[in-house]
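Coordinates in review
Below, each chain spelled out in residue letters.
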Amino acid sequence: MDQPRTDEDQPLVARAQSGDAAAFDELVVKYSPRLYGLVYNMTSNHEDTNDMLQDVFAKAYRAIKGFRGKSSFYTWIHTIAVNMTLNFLKKRGRRYHLSLDDVDASIQNDKEFIELTSTSSPVREADLSELQRRLNEAMMKLSDEHRAVVTMFHIQGMPHAEISKILGVSEGTVRSRLFYANRQLQNYLDEFRKNPVG
Amino acid sequence: MDNFDDNEIGKLLRLKKYEQPPPGYFENFLHEFHRRQRDDLLRQPVWSVLWHRLSDSLFRLNIPSLTSYPAAVAAVLVCAAVVSLKVYQAPPSSDIAMADSASLPVHQSVIDQLSTERVADNFTLSAPLSSRSLGPDLSRQVSESAYTHRASTPPRYVLDRLPVSYEPSFNF
């Protein structure tokens, strides 16, 4: 959970609001990797993610003078990214092609990866890369809203309260969507494990 | 075989953070952002660009903060209005005077007062001289001057005295 408790971006935001383009560039550099992960796991496509992220920062640049600081910049920019991506996904419909296959080599050093592949678990019994591919397919079977919640909670590590602010729904709704999405993913992966060819 | 539980699904999902864009992507992202910004700017009409620049400059001047002092701004405006009215309603230069005595009510009252004193002096010949020895002379001069100009010519503007440079330097 690396989101700021207080708005540590306030000095940069104030400079950007007064027309300092370099300050906005710093915000772009700071948030583009994190927002890339968010948008990418919602769209499942690198090209779409690139275009979407450019549009997100362009919109933020145009709107930053209207940013009054009622929420943190972190929440504000994530809200823009999520809303724009959800709108994009609605327009795109179910027409998508997966490109979620660029796993970084540093995954080999990840503690959870080592744990998953070394201990006795359903994951170890299946081929991990195939499992990841199936997981991505399962993610794309979720509705856009459920996938957004799963991405923010499991992949981005956001707390329920932050997700509820970004989506503009109650924390209860966030928990409910998360529970439902987990069940769907679980069913899909269990089915794969029982019928690996499928 | 056990089924997947929430914890293991969570662990699997967290591994997705290693799905990254191609190397060097984020280094080029900012350049691509600047390029798109320039392209957008070129597509905008000129009036829109000018409007944005004007609003930017006003924003930098922090004009809205000035409006938080409406009383001070109003007071300054009222003072400026009063001063400007006073300046434009000031009398003409003292070098110019109107010869018509009717337009000099102060002088007329002085004349009346001095005439009364002169009449009183005439009836008390034994009395000592008034301290206002110049009064009757002044009264006469002003009065005669007024009557003379009123009778002979229409009211006109005269100069109290000519500037030194207007006096002839030689008299033959």
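Reading the values: the criteria
- Residues numbered from 1 in each chain as written.
- Chains lettered and ligands numbered in written order.
- Predicted model: local features only at pLDDT ≥ 70, side-chain atom pairs only at ≥ 80, totals over all residues.
- Heavy atoms only, no water.
- Helix = DSSP H or I, 4+ residues; strand = E, 2+ residues; numbered from the N terminus.
- Buried < 20%, exposed > 50% of the residue type's maximum accessible area, 1.4 Å probe, protein only.
- Contact = heavy atoms within 4.5 Å.
- Areas by Shrake-Rupley, 256 points an atom, 1.4 Å probe, with all protein chains shown as cover.
- Phe/Tyr/Trp six-rings, centres within 6.5 Å; stacked < 30°, edge-to-face > 60°.
- Lys NZ or Arg CZ within 6 Å of the ring centre and 35° of its normal.
- Expected span 1.5 Å × (residues − 1).
- pLDDT = per-residue confidence, 0-100.
- Axes fitted to C-alpha atoms, helices over the stretch in contact; angles between N-to-C directions.
- Parallel < 35°, antiparallel > 145°, perpendicular 65-115°, else oblique.
- Left-handed = near helix turned anticlockwise from the far one by under 90°.
- Nonpolar A, V, L, I, M, F, W, Y, C, P; charged D, E, K, R; others polar.
- Salt bridge = Lys/Arg side-chain N within 4 Å of Asp/Glu carboxyl O.
- Patch = residues over 30% accessible without salt bridge, like charges linked within 9 Å, V, L, I, M, F, W, Y side chains within 5 Å.
- Core = buried A, V, L, I, M, F, W, Y, C linked by side-chain atoms within 4.5 Å.

1. Quick word on the overall build of chain A
Helix and strand content of chain A: 10 helices and 0 strands. When the elements of chain A are put in sequence order from the N terminus, they spell out α-α-α-α-α-α-α-α-α-α. In chain A, which comprises 198 residues, the proportion classed as buried is 54%. Of all intrachain contacts in chain A linking residues separated by at least 6 positions in sequence, the fraction that spans at least 24 positions is 70%. Carbon and sulfur atoms make up 51% of the accessible area of chain A, which amounts to about 9,400 Å² in all.

2. Structural notes on the packing of aromatic side chains
Following the criterion strictly, the structure yields 14 aromatic pairs over all chains and no others. Between Phe 57 of chain A and Phe 29 of chain B, the aromatic rings sit 5.7 Å apart at their centres with planes inclined by 70°, giving edge-to-face as the arrangement. One end of the pair, Phe 57 of chain A, is in helix α3 (residues 46-63); the other, Phe 29 of chain B, is in helix α2 (residues 25-43), on a second chain. Overall, the relative accessible area of 2% leaves Phe 29 of chain B in the buried class. Counting every residue linked through ring pairs, the aromatic cluster contains Phe 24, Tyr 36, Tyr 40, Phe 57 and Tyr 61 of chain A together with Tyr 25, Phe 26, Phe 29 and Phe 33 of chain B. We note Arg 183 of chain A situated over the ring of Phe 179 of chain A; from NZ or CZ to the ring centre the distance is 4.9 Å.

3. A look at helix α7 (residues 128-141) of chain A
For α7 of chain A, spanning 14 residues, the distance from its first C-alpha to its last is 20 Å, which sits close to the expected 20 Å at 1.5 Å a residue. What α7 of chain A keeps buried is the set Leu 128, Leu 131, Gln 132, Arg 134, Leu 135, Asn 136, Ala 138, Met 139 and Met 140 of chain A.

4. Some details on helix α8 (residues 144-155) of chain A
With 12 residues, α8 of chain A extends 15 Å from end C-alpha to end C-alpha; this agrees with the ideal 16 Å at 1.5 Å per step. Among all positions of α8 of chain A, only Asp 144, His 146, Arg 147, Ala 148, Val 149, Val 150, Thr 151, Met 152, His 154 and Ile 155 of chain A are buried. On its buried face, α8 of chain A sits against α2 (21-43), α4 (73-92), α7, α9 (160-167) and α10 (171-194) of chain A together with α1 (6-14) of chain B. Immediately downstream of α8 of chain A, the backbone of Gly 157 of chain A shows phi near 75°, a positive value.

5. Things to note about the confidence of the model for chain B
Regions with low pLDDT carry predicted coordinates that are not meant to be interpreted in detail. The predicted model of chain B has a mean per-residue pLDDT of 68, with 42% of residues at 70 or higher. Scoring the predicted complex yields pTM 0.61 and, for the interface, ipTM 0.78.

6. Notes on the packing of α2 of chain A against α2 of chain B
What describes two packed helices is the angle between their axes and the distance between those same axes. Here α2 of chain A crosses α2 of chain B at 125°, and the two axes come no closer than 10 Å. When the interaxial angle is binned, α2 of chain A and α2 of chain B end up oblique. The hand of the α2 of chain A/α2 of chain B crossing is right-handed. Packed against α2 of chain A, whose contacting residues are Phe 24, Asp 25, Val 28, Val 29, Ser 32, Pro 33 and Tyr 36 of chain A, the element α2 of chain B presents Tyr 25, Phe 26, Phe 29, Leu 30, Phe 33 and His 34 of chain B at the interface. Residue composition of the contact of α2 of chain A with α2 of chain B, grouped by class: 10 nonpolar, 2 polar and 1 charged.

7. Side note on the pattern of salt bridges
Two side chains with opposite charge may pair up if their charged atoms get near one another. Summed over the entire model, instances satisfying the criterion amount to 15 salt bridges over all chains. Asp 48 of chain A is the salt-bridge partner of Arg 92 of chain A, the closest N and O atoms lying 2.8 Å from each other. Placement of the pair is Arg 92 of chain A in helix α4 and Asp 48 of chain A in helix α3, with a sequence separation of 44 residues. With respect to class, Arg 92 of chain A is no different from Asp 48 of chain A; both count as buried. The closest approach of N and O atoms between Arg 35 of chain B and Asp 39 of chain B, which form a salt bridge, is 2.9 Å. Of this pair, Arg 35 of chain B and Asp 39 of chain B both sit in helix α2, 4 residues apart, which is roughly one turn of the helix. Exposure remark for Asp 39 of chain B: the relative accessible area of 29% places this residue in the partly exposed category. Ionic contacts of the salt-bridge type, sharing partners, join the residues Asp 51 of chain A together with Glu 32, Arg 35, Arg 36 and Asp 39 of chain B into one network.

8. What to know about a nonpolar patch on the surface
The grouping of Trp 47, Trp 51 and Leu 54 of chain B at the surface amounts to a nonpolar patch, some 420 Å² of accessible area in total. Here Trp 47 of chain B lies in helix α3 (residues 46-61).

9. Overview of the nonpolar core
All names here are of chain A. Phe 24, Phe 57, Phe 73, Met 152 and Leu 185 are the most contacted members of the largest nonpolar core, which has 62 residues in total. At 11 residues, α2 tops the list of elements feeding residues into this core. With sequence-adjacent residues up to four places away left out, Met 152 is seen in contact with Leu 38, Val 82, Gly 157, Met 158, Ile 163, Ile 166 and Leu 167.

10. Some words on unusual backbone geometry
All names here are of chain A. The phi angle at Ser 44 is positive, at roughly 65°, despite the residue not being glycine. Turning to its location among the elements, Ser 44 is positioned in the loop between α2 and α3. Given the relative accessible area of 0%, Ser 44 is considered buried.

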